[in-house]
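# A structural walkthrough
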Amino acid sequence: MKSIYAITPSDVEFKRLIKEVERMLDFGVKVFQYREKNLSENQIMANAEKLLEMIKKNEGKLIINDDPKIAVEIGADGFHLGMEDYLKPKNLKFIKEHKEILNSDYLKGLTCKWNFELIKNLPEEHISWDYLGIGAFYQSKTKDEAEILKSDDKSYPLEISSKPLVAIGGINKNNMDEVFSLGYETIALSDGIFFQEDLKKIFPRESWNKLHLQIIFLSLIHISEPTRLRRISYAV
């Protein structure tokens, strides 16, 4: 089953972003990551709450980039970190203090880039990662200096990891077939899907239907919705 993970582009006027997420929900995209690098924590939280309300009304999922505390505070479905963000003292402290609820109630994603040793030896002393981001597969606005491997090596993570893997970085309608041909079932799209004029041109095949546009790893992970929405208290 092919599936989509939609990652919001940064530096987009929020009213415009809300309208675009609504359009994508209507099309059938159900899983979003809110990724914003250039706003204050308070503004990111306020925006994320509005996105979450709309996405939940459409039975979707929202993952928060970079900040597990925000994800928990607003009742999002999970969070996604790079290794640099995971090792930040504030994030690591939060994860250590709340590892039980994070492990039981939240989706947790880690970007591994093309670090094969990291993929084999994940930092799971506190939490167990539910999926891994692999790439970048191609150059992009957000991955302009990313390491790009030759095609023969890009499928290797599928051999060394039992985790659900999400292909990331520069993927669009012109190259997604190549990624799928390597064996990846879930692709992350940002510029490759947001603000594209006709979403049907991106997914012209019969296999792309509203059911298939739900991210595949969510069907593999059980989350108790009433428990997940429980707020937790923490020391500031």
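Here, the structure is the one placed above.
A short tour of the structure in this document, coming up. Please read all numbers here as calculations on a predicted model, not as lab measurements. (Residues numbered from 1 in each chain as written. Predicted model: local features only at pLDDT ≥ 70, side-chain atom pairs only at ≥ 80, totals over all residues. Heavy atoms only, no water.)

## Focus: the overall build of the chain
Note the threshold: Strands here mean DSSP runs of E at least two residues long; helices mean DSSP runs of H or I at least four residues long; both are numbered from the N terminus. Only protein chains enter the area calculation, which uses a 1.4 Å probe; residues under 20% of their type maximum are buried, those over 50% are exposed, and those in between are partly exposed. Only heavy atoms matter for contacts: two residues are in contact if any of them lie within 4.5 Å across the pair.
The secondary structure content of the chain amounts to 12 helices and 8 strands. Per-residue burial over the chain gives 52% buried out of 236 residues. Long-range pairs, those at least 24 residues apart, make up 69% of the contacts in the chain with a sequence separation of at least 6.

## Points about the pattern of salt bridges
We count it as follows: Salt bridges are identified by distance alone: a Lys or Arg side-chain nitrogen within 4 Å of an Asp or Glu carboxyl oxygen.
This structure, assessed with the given rule, holds 13 salt bridges. The residue Glu-20 makes a salt bridge to Arg-23 at a minimum N-O spacing of 2.7 Å. Linking Glu-20 with Arg-23, this pair stays in helix H1 (residues 14-27), spanning 3 residues, or about one helical turn. Given the relative accessible area of 7%, Glu-20 is considered buried. Residue class for Arg-23 comes out partly exposed when judged on its relative accessible area of 29%. In this structure, Lys-163 and Glu-124 form a salt bridge, with 2.8 Å as the shortest nitrogen-oxygen distance. With a gap of 39 residues between them, Lys-163 in the loop between helix H9 (156-160) and strand S7 (165-167) and Glu-124 in the loop between helix H7 (116-120) and strand S6 (131-134) connect regions that are remote in the sequence.

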